[in-house]
Amino acid sequence: MSKNEKNAHRLDVPLDGVRGPKGAKKTPFEGDPRKLWRVNQYPSPFSLADAPTREKVGFKGKKDDGEDALDERAEMLADLQELMWAHVVSASEEDQREVAKAIAGRVPRRTPAEKARREELFSPEVEKALSNLARGPRILLVLQGMDASGKGGVVKQVVTSMDPMGVDVAGFGKPTAAESREHYLERIIRRLPRPGHVGVFDRSHYEDVLVPTILGSESAEELERRTEALMLFERELVRLGFVIIKIKLTISQEEQLDRLVSRLDRKEKHWKYDPSDADARAEFDLYQEVYSRLMEATDADHAPWHVIGADRKWYSRLAVQELLIAALSDLKLRWPAADYDVETERKRLLES
């Protein structure tokens, strides 16, 4: 068996009761999904121009095969999310400590130097908000991409396969007047997922570096400070139990144009179009350049960046789904044991 074939089976091992989809002997992808789309596999300096937008990286099937796999593995994703919630609600203290230690161990302990740097980059309000966050495992899926790259479709077709009670979706546009008077991380912290939940950011804290860079509204020194702050912020989230998956959906200019024009061709899609979409297209190359620099600077094993070609909607959705399955599988959670006698309760129910 080849190395890729071994990796392909890793996600379908029994996880103490979590089953894989019926009939599926391996993941839909050849190779480890944790590595297939990682930014760090590209030469430095990284350029989004090197990342394929239409190629089906790691997948040999056709569209029908991909859509079938997406439906099949939705059950596994839902089971894994339920398992994470069950762990938070009912796992023993020993199991909870073990999982918390394993996640926090993905980043170094906070040093005096880091503490001092945070005092310079964070506000007291940010530090207080972070200290008030509950500890426990949860997923934070960060979706970034140009207009019409498919972020909303990922939420609709991938994320909604999980229990909606365990999913938190947030989007970040232009800050309100009140938010503009705060530290830019405060509004982000307010929308972070709770332990046991999968949180999705449709655009994210990276907008606070990306947009000012494009507009030239902040100095180079401030943008460097913000980039460093984002890295320290994510490091602290991991210490609290967050598993971070950052995804850039990359789309070709031709495909983006087709999708934007189609919004104008259909009355029921007019609401999705904004005249600023045309302005952003005019800066397409600049956006690609800024994204490239920012992604390479903030890519880390504990908060990895993945660049996924989005010209084929079904493919990008399948890839995101597999990254979520991988992240949840890596927690190696166990169904909490009953703290009551199962047979006694069965007998009581049958007699009731």
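Because the structure is predicted, anything quoted here is derived from the model rather than measured.

### With respect to the packing of helix α10 (residues 207-215) against helix α11 (residues 220-239)
Right, on to step 1. Between α10 and α11, the least distance of the axes is 9 Å, while the angle of their chain directions is 160 degrees. Looking at the two axes, α10 sits roughly antiparallel to α11. α11 is crossed by α10, and the crossing has left-handed handedness. For the pair α10 and α11, the contacting residues are Asp 208, Val 209, Pro 212 and Thr 213 in the first and Leu 223, Arg 226, Thr 227 and Leu 230 in the second.
Right, on to step 2. Residues that form the contact of α10 with α11 fall into these classes: four nonpolar, two polar and two charged.

### Describing unusual backbone geometry
Right, on to step 1. Cis peptide bonds are those with omega within 30 degrees of zero, and the linkage from Ser 44 to Pro 45 qualifies with 5 degrees.
Right, on to step 2. Of note, Pro 45 is situated in the loop between α2 (33-36) and α3 (63-90).
Right, on to step 3. For Arg 203, which is not glycine, the phi torsion reads 75 degrees and is therefore positive.
Right, on to step 4. Within the fold, Arg 203 resides in the loop between β3 (198-202) and α10.
Right, on to step 5. With relative accessibility at 21%, the residue Arg 203 sits in the partly exposed group.

### Focus: a negative patch on the surface
Right, on to step 1. Negative charge collects at one region of the surface, where Asp 64, Asp 65, Glu 67, Asp 68, Asp 71 and Glu 72 lie side by side.
Right, on to step 2. By the secondary structure assignment, Asp 64 is in helix α3.

### Comments concerning the pairing of β3
Right, on to step 1. The buried fraction of β3 is high, at four of five residues.
Right, on to step 2. Relative to β3, strand β1 (residues 138-145) runs parallel, the two being bridged by five bridges. If you follow Leu 141 over to β3, its bridge partner there is Val 200.
Right, on to step 3. By the bridge criterion, five bridges tie strand β2 (residues 167-171) to β3 in an arrangement that is parallel. By the bridge assignment, Ala 170 is partnered in β3 with Phe 201.

So, how was this worked out
- Residues numbered from 1 in each chain as written.
- Predicted model: local features only at pLDDT ≥ 70, side-chain atom pairs only at ≥ 80, totals over all residues.
- Heavy atoms only, no water.
- Axes fitted to C-alpha atoms, helices over the stretch in contact; angles between N-to-C directions.
- Helix = DSSP H or I, 4+ residues; strand = E, 2+ residues; numbered from the N terminus.
- Parallel < 35°, antiparallel > 145°, perpendicular 65-115°, else oblique.
- Left-handed = near helix turned anticlockwise from the far one by under 90°.
- Contact = heavy atoms within 4.5 Å.
- Nonpolar A, V, L, I, M, F, W, Y, C, P; charged D, E, K, R; others polar.
- Buried < 20%, exposed > 50% of the residue type's maximum accessible area, 1.4 Å probe, protein only.
- Patch = residues over 30% accessible without salt bridge, like charges linked within 9 Å, V, L, I, M, F, W, Y side chains within 5 Å.
- Areas by Shrake-Rupley, 256 points an atom, 1.4 Å probe, with all protein chains shown as cover.
- Salt bridge = Lys/Arg side-chain N within 4 Å of Asp/Glu carboxyl O.
- Lys, Arg positive; Asp, Glu negative; His and termini not counted.
- Charge placed at Lys NZ, Arg CZ, Asp CG, Glu CD.
- Pairing = 2+ DSSP bridges.

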